Amino acid sequence: MTQSVWHASGYNAAQIRELAIFFGLLLTAIFLIVEVVALLVLRRRHRGIQQEPLEASHQPGSGTESKLRTVVGISTAVTVLILFGLTILSVSVGKAVTASVAPAGSLKVEVTGKQWWWAVRYASDDASRVLLTANEIHIPVGRPIAMKGEAEDVIHSFWVPSLQGKRDLIPGRTTQEWLQASQPGEYRGQCAEFCGLQHAHMAFWVIAEPADQFQAWFDHQLQPAVEPTDEETQRGRAIFLRSACSLCHAIRGTDAAAQVGPDLTHFGSRRTIAAGTLPNNKGNLAGWIADPQTIKPGTHMATVAIQSAEMQPLIDYLESLK
Amino acid sequence: MRYIAVGCCLLTLIACKREVREVRPSPAVSGILGDAGAESALRPAGEMAHQNIVNPYEGNAYAISEGQRLFNWYNCSGCHANGGGGIGPPLIKKDQRDWIYGGEPSNIFDTIMKGRPNGMPTWGAKIPEYQVWQIVTYVRSLSRLEPKSATPARSDTLEQKTSTIRPDEKGAAH
């Protein structure tokens, strides 16, 4: 449950963190040295004025002049060398973490940034193993993930601080990178490029879990939606299919197949709704369906006229889609 | 005098519907009750009184761009393409009389809500009414029937050239 560059859990994030720590320590040390020297000089100067007039100490004596020149020369050279070294370090780490060619055998995941949510597609050569989901990316720990990023409308940026660096997603262009989680955990990600009204509410979760747990999750997600068993949820499904919901959302196993909004086939299994905006529970869901514009002003989720008697069956049905 | 001038300038801002962004729509006027659209002025036993159904988004730039997005999202473009037509008839009209079921906002609203013979589905109860009005505004903007101040200077797709619109000479649809 974390979103922090200091809590690095992947190769890329660890590289970035180490670089940041090294920069921070080195530059703090240099800053302190400069401050200490400056203070010493101030104190000496003060004493000097008391002893003799300023002009007296600045006689063109050849000794002091050449000593001064040496000190300034050496300091300049050291500064240049340090800056040069840091540049090389920064560029090489930058190159390492933005390498776009993933190792063989990596899991292929495609992420599309949309206003204001994330479509996730697990690619596979076998068409029956292709999975569409949204706002929640499960990955196996220790296995490299080959990420393909696209944007549908405007520029977004994919950023999971604990796993990798920011990666811009640009309309009409496919960006590639790879990432890997070294330990299980739930890592929060966030759009990192201002993309409109609800940019701040465009979050997602990356859930890294052991390989067998991931496989179980994946196989379950491939299944069509569970059939409603009781009368209430059956009514809920009928309401979903007859109202405007089905015009944007897909639930595999029903007639709803639209790809405009997030796929809801296993909606009940997700941790959050509205792209990481609210915890997923019945109360929040009812609020979100009844009045999305109050929760995310400007969102493209339509305000659908659901009658109050229809709300309970509808949210019961959606939450039953585990 | 100066205050009056400033006041007048501010007043024009209030009157400007172009920039209103109503993200949380109030329930729109329902047009489907009692055939409000009145496709044709021709009626047995004289003319029928035209019901005054107003498009709440007329001249609103935000509604036009939202309508354009929805036009593609809801796959209107699947039949009507970008207004040029395909399986369905073109929506860019040369003449007011080219509208089969009328080109007034209320007519187009009715067409979308109720559907039409030979393939136009009924979208009522599927698309929220405020979004239907946004699509209506966009569809009208294709034929330059929305104020020029609200329509994009250069359209993304096809567009009607102003010079080719002929006035509604014989009052066919209006």
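Please read all numbers here as calculations on a predicted model, not as lab measurements.

1. Regarding the overall build of chain B
Scanning chain B from N- to C-terminus turns up five helices and zero strands. Starting at the N terminus and ending at the C terminus, chain B contains elements arranged as α-α-α-α-α. Classification of the 174 residues of chain B by burial places 34% in the buried group. Taking as baseline every contact in chain B between residues at least 6 positions apart, the subset at least 24 positions apart corresponds to 69%.

2. Brief notes about the domain arrangement of chain A
Residue and element names in this part refer to chain A. As assigned here, chain A comprises domain 1 (11–97), domain 2 (107–222) and domain 3 (231–319). Taking only C-alpha atoms, the centre of domain 2 and the centre of domain 3 are 22 Å apart. Counting residues at the interface gives 17 residues for domain 2, matched by 15 residues for domain 3. Every element with two or more residues in the side of domain 2 that touches domain 3 is listed here: strand S2 (117–122), strand S3 (131–134) and strand S10 (203–209). Of the residues that constitute the side of domain 2 that touches domain 3, the class distribution is 10 nonpolar, six polar and one charged.

3. Some points on the pairing of strand S6 (residues 156–159) of chain A
Walk down a regular strand and you will see the side chains alternate between the two sheet faces. All names here are of chain A. Here S6 shows two buried faces, one formed by His 156 and Phe 158 and the other by Ser 157 and Trp 159. Direction of pairing for S6 relative to strand S7 (residues 167–169): antiparallel, over a ladder of three bridges. Bridged to Phe 158 within S7 is Arg 167. Where S6 meets strand S9 (residues 185–191), two bridges bridge the pair, whose relative direction is antiparallel. Bridge pairing in S9 links Phe 158 to Cys 191.

4. Examining the sheet that holds S9 of chain A
All names here are of chain A. The sheet built from five strands is open, its strands ordered S4-S10-S9-S6-S7 with mixed pairing. The open sheet has two edge strands, strand S4 (136–140) and S7, and neither has a second partner. When the angles between neighbouring strand axes are averaged without regard to direction, this sheet yields 25°. Helix H4 (residues 211–222) rests against S4 and S10 of the sheet, and its axis sits at about 135° to S4.

5. Comments concerning the packing of helix H4 (residues 105–114) of chain B against helix H5 (residues 129–142) of chain B
Residue and element names in this part refer to chain B. Between H4 and H5, the shortest axis-to-axis distance is 9 Å and the interhelical angle comes to 120°. Judged on the interaxial angle alone, H5 and H4 are oblique. Our pair here, H4 against H5, has a crossing hand that is right-handed. Across the interface between the two elements, Pro 105, Ile 108, Phe 109, Ile 112 and Met 113 from H4 touch Val 132, Trp 133, Ile 135, Val 136, Val 139 and Arg 140 from H5. Across the contact of H4 with H5, the residue classes tally to 10 nonpolar, no polar and one charged.

6. Things to note about the nonpolar core
Val 109, Ile 145, Val 206 and Leu 318 of chain A together with Val 132, Ile 135 and Val 136 of chain B are the most contacted members of the largest nonpolar core, which has 85 residues in total. Among the elements that take part in this core, H5 of chain B stands out by supplying eight residues, more than any other. Ignoring anything within four residues of it in the chain, the contact list for Ile 145 of chain A reads Ser 106, Leu 107, Val 109, Ile 139, Trp 178, Leu 179 and Gln 180 of chain A.

7. Let's talk about H4 of chain B
Residue and element names in this part refer to chain B. The element H4 is largely enclosed, with a buried count of nine among its 10 residues. Of the residues making up H4, those classed as buried are Pro 105, Ser 106, Asn 107, Ile 108, Phe 109, Asp 110, Thr 111, Ile 112 and Met 113. Where H4 is buried, its residues touch H5. Of the residues flanking the end of H4, it is Gly 115, one or two places downstream, whose phi is positive at about 80°.

The rules behind the values
Residues numbered from 1 in each chain as written. Chains lettered and ligands numbered in written order. Predicted model: local features only at pLDDT ≥ 70, side-chain atom pairs only at ≥ 80, totals over all residues. Helix = DSSP H or I, 4+ residues; strand = E, 2+ residues; numbered from the N terminus. Buried ≥ 20, exposed ≤ 12 C-beta atoms within 10 Å, placed from the backbone. Contact = placed C-beta atoms within 7 Å. Domains from an automatic or database assignment. Nonpolar A, V, L, I, M, F, W, Y, C, P; charged D, E, K, R; others polar. Pairing = 2+ DSSP bridges. Axes fitted to C-alpha atoms, helices over the stretch in contact; angles between N-to-C directions. Parallel < 35°, antiparallel > 145°, perpendicular 65-115°, else oblique. Left-handed = near helix turned anticlockwise from the far one by under 90°. Core = buried A, V, L, I, M, F, W, Y, C linked by C-beta atoms within 7 Å.

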